[in-house]
Structures are given as structure tokens and as C-alpha cells.
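# Structural overview
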Amino acid sequence: MRKVIGIGETVLDIIFKNDQPIGAVPGGSVFNGIISLGRAGVETTFISEAGNDRVGHKIIGFLRQNGVNADNVNIHPNSKSPISLAFLDEDGSADYIFYKDHPHDRLDFAYPDVGRDDVVMFGSFYAVNPAIRPQVMGFIEYARSRGAILYYDVNFRSSHRNDVIKITPNLLENLEYADIVRGSTEDFDVLFRKTDPDQIYRSEVAFYCRRFICTAGGGSVALRTGDGLAKDYPALQTDIVSTIGAGDNFNAGLVYGLLRYGITRDALEAGLSESQWDSVMRCAQLFAANCCRSISNSIDTGFGRRMREEMAEGPAD
């Protein structure tokens with residue numbers, strides 16, 4: 001069975017509405033997607049670290065409750081788990097304040113088993129952070145050598161705007177290793193001062209990676225490939241409670257689609273048909289839309305159960 005391995009940060013998201021806390025949910029960019037894939041019945045492993053505190057133990061327990069292998073989450077003695085405050089506006093979009101125990105920015109883990117056509121998900125500042133770059137890059141190189149599909153979500157927030165020059169070499173290296181790159185117009189505005197998907201693809205991404213997906217919040221999703229396919233997918237309409245985790249779950253849905261429709265790394269290299277991309281992108285949008293209906297950061301368990309059943313049935317379309 002193909003597996004999905006995620007590497008990224010863990011955090012406890014404390015969510016506010018009208019300046020009052022309404023929930024506290026374990027999270028993190030890749031973390032949110034891995035939880036959704038676990039709920040959808042995909043064999044998953046998460047690589048990260050957590051604080052040696054009540055929050056850290058809660059996060060590891062949450063991973064395991066959702067079917068995710070947490071054996072590669074390292075707990076540092078005398079460290080505190082990261083916290084984020086997420087303030088929702090009337091549209092369900094969030095502004096963030098992050099609190100992190102930066103002296104403990106390090107990563108120590110044994111490599112999990114990675115097989116050919118498994119999928120490795122990585123992204124956000126975690127994937128370019130100079131403090132842990134050797135460990136992250138070592139694992140990405142290992143996964144590539146094993147024939148895994150590398151899915152990179154740029155996810156570069158404006159809070160790191162002053163770090164752009166410092167992390168650019170790591171960013172470009174990630175683009176070069178990736179088989180699929182996904183980012184938002186907000187990410188690319190911070191990084192390159194560009195928001196047009198075609199301009200971003202031609203000038204910043206295509207040289208490194210041929211398969212590019214650009215999301216735009218509630219707007220359409222742009223797909224650009226080296227095979228000449230340029231297609232925009234209108235956003236699915238849904239009732240929005242919170243957009244926290246929407247992009248993370250778009251990633252999860254796309255990876256779910258790769259597995260559900262039997263798309264291998266060789267198939268990606270040979271070039272997918274438009275109908276194959278349509279099927280995969282549909283999964284991505286369904287996962288993202290479901291996530292937006294609650295403050296849970298991931299798909300709900302009922303939706304996950306349906307995805308698990310559909311995966312077992314095989315492609316119906």
C-alpha cells in the first residue's frame with residue numbers, strides 16, 4: 001500500500017471570534033493535511049517535534065487518534081510547544097500571532113520507511129528554515145532517491161517577509177526537488193511581488209518544476225504544466241466557518257486524488273491527461289471545502305469515512 005509521509009511543524013491553534021476564544025485545535029501546515037489523510041484511511045506518518053508539555057502530549061495523542069503514525073515526532077526535554085492565536089474575521093479568514101520556543105529549533109529523527117510512489121508532503125517556513133535545513137533536506141534527498149513523489153506547498157506567510165533574501169536559496173532548492181508545487185497568490189506576493197499565476201509560473205517556477213498549482217483564497221485555482229495544460233478551476237461554493245487549514249486540506253485532497261486514481265511518479269513525468277487532472281483537482285477542492293465548514297483545521301470524520309469508502313471502491317469516474 002502506498003503511504004504519505006509529512007514533515008512539518010506542530011502547533012496548538014487557539015481560535016478567536018469577536019476577540020473571544022472559541023476553540024483550541026492541534027495544527028500546523030502539513031499536520032492539518034496529514035490528519036485529514038489519516039481520517040480518509042490513508043497510511044500516514046508525520047515527522048516533527050513537540051514540546052515536553054501538556055500541549056505536546058496532546059498533539060501526539062491527536063495524531064494517533066486519527067490513524068497517523070507519530071513515532072517520528074521527537075519530544076525535546078525542557079521545551080515548550082508552539083502556540084498560535086488565530087483571529088477570525090466576519091468572512092472566516094484569520095490573522096495570526098505565533099509564539100515559539102525558538103532556542104529549541106532543531107530536528108532529530110530516524111527516517112521512516114519510504115517506498116516508490118509514496119508521497120512526501122513538505123512546506124511552509126519549516127521547509128526553508130535555516131536552523132533545521134540540513135535535516136529537512138537530508139530527508140527530502142532520501143525520499144527522492146527512494147522514488148517518492150515530492151509535494152511542496154510554498155505557504156510563505158507575510159510574517160516572514162524580512163527573511164525572504166535569507167531563505168531564497170532553500171526555496172529554490174525545494175522547487176527543484178518538487179514534483180508538484182502549490183502556492184497561493186499571497187505567498188508569491190510576499191516572495192516575488194507577483195500575483196498573476198502565468199507570470200509566476202513562467203518567471204519563477206517552470207525552470208525548476210513543471211507542475212504548478214496556484215490558489216487564490218476563495219477565487220479560482222490555476223493549474224499550469226509543462227505539457228502545455230493551462231486550466232483554471234472555479235472555486236466550490238460552501239458555507240464558510242473558518243478558512244484555517246483550507247490550503248492545507250487542498251493539499252491533502254490532491255494527494256488523496258493521486259493515490260485514489262493510481263497516479264505514480266512515472267505517470268506524472270509522462271504527463272497526466274486533462275481528465276486525470278480534473279479528477280485529482282476535484283478531490284483537492286472537496287477536501288478544502290469540507291474543512292472550511294468548521295474550526296477543526298481538517299476534514300470532518302464523516303467526510304473522511306466517505307473518502308475511505310470511495311478509495312476502497314476504486315475510481316468510479
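Here is a short report on the structure shown in this document. (Residues numbered from 1 in each chain as written. Predicted model: local features only at pLDDT ≥ 70, side-chain atom pairs only at ≥ 80, totals over all residues. Heavy atoms only, no water.)

## Looking at the pairing of strand S8 (residues 119-123)
For S8, a buried count of 5 out of 5 residues is recorded, marking the element as mostly surrounded by other parts of the structure. Note that strand S1 (residues 3-7) and S8 share 4 bridges and pair parallel. For Ile 7, the partnering residue across the bridge sits in S8 and is Phe 122. Here S8 pairs with strand S9 (residues 149-153) via 5 bridges, running parallel. By the bridge assignment, Val 120 is partnered in S9 with Leu 150. (Buried < 20%, exposed > 50% of the residue type's maximum accessible area, 1.4 Å probe, protein only. Helix = DSSP H or I, 4+ residues; strand = E, 2+ residues; numbered from the N terminus. Pairing = 2+ DSSP bridges.)

## A word on the sheet that holds S9
Within the open sheet, the 9 strands sit side by side as S5-S4-S1-S8-S9-S10-S11-S12-S13. Their pairing is mixed. The two strands at the open ends of the sheet, each matched to only one other strand, are strand S5 (68-76) and strand S13 (230-233). Averaged over all pairs of adjacent strands, the angle between their axes in this sheet comes to 15°, without regard to strand direction. Relative to strand S10 (residues 180-184), S9 runs parallel, the two being bridged by 3 bridges. Bridging from a neighbouring strand, Tyr 152 pairs with Val 181 of S10. Across the sheet, helix H4 (residues 164-177) touches S8, S9 and S10, and the angle it forms with S9 is around 140°. Sheet strands touched by helix H6 (residues 197-205): strand S11 (212-215) and strand S12 (221-224). Its angle to S11, the strand with the most contacts, is close to 140°. (Axes fitted to C-alpha atoms, helices over the stretch in contact; angles between N-to-C directions. Contact = heavy atoms within 4.5 Å.)

## Considering the pairing of S12
The side chains of a regular strand alternate, residue by residue, between the two faces of the sheet. Because side chains alternate across S12, one face comprises the buried residues Val 221 and Leu 223, and the other comprises Ala 222 and Arg 224, equally buried. One ladder, built from 3 bridges, connects S11 with S12; its direction is antiparallel. Residue pairing across strands places Cys 214 opposite Ala 222, the latter belonging to S12. What sits between the antiparallel neighbours S11 and S12 is a turn of 5 residues, in which Gly 217 has the positive phi angle 60°. When S12 meets S13, the two strands line up antiparallel, connected through 4 bridges. Bridge pairing in S13 places Leu 223 opposite Lys 231.

## Overview of the packing of aromatic side chains
The tally for this structure, following the rule as stated, stands at 15 aromatic pairs. The interplanar angle of 15° and the centroid separation of 6.2 Å between the aromatic rings of Phe 31 and Phe 62 together place this pair among those described as stacked. With Phe 31 in helix H1 (residues 29-39) and Phe 62 in helix H2 (residues 54-65), this residue pair connects regions lying 31 residues apart in the sequence. On the basis of relative accessible area, Phe 31 is assigned to the buried category, the value being 0%. Note on Phe 62: relative accessible area 16%, which makes it buried. When the centroid spacing of 5.4 Å and the interplanar angle of 80° are considered together, the rings of Phe 287 and Phe 303 count as edge-to-face. (Phe/Tyr/Trp six-rings, centres within 6.5 Å; stacked < 30°, edge-to-face > 60°.)

## A look at empty space enclosed by the protein
Across all of its chains, the model carries 2 cavities of 30 Å³ or more by this definition. By volume, the second largest cavity amounts to about 50 Å³. Considering the residues around the second largest cavity, the lining is formed by Ser 29, Val 30, Gly 33, Met 121, Phe 122, Tyr 151, Asp 153, Asp 248 and Asn 251. Broken down by class, the residue content of the lining of the second largest cavity amounts to 4 nonpolar, 3 polar and 2 charged. (1 Å grid on protein atoms, 1.4 Å probe; cavity = no way out; pocket = protein on both sides within 12 Å on 5 of 7 lines; lining within 4 Å. Points joined across faces, edges and corners; volume = space filled by probe spheres on them. Nonpolar A, V, L, I, M, F, W, Y, C, P; charged D, E, K, R; others polar.)

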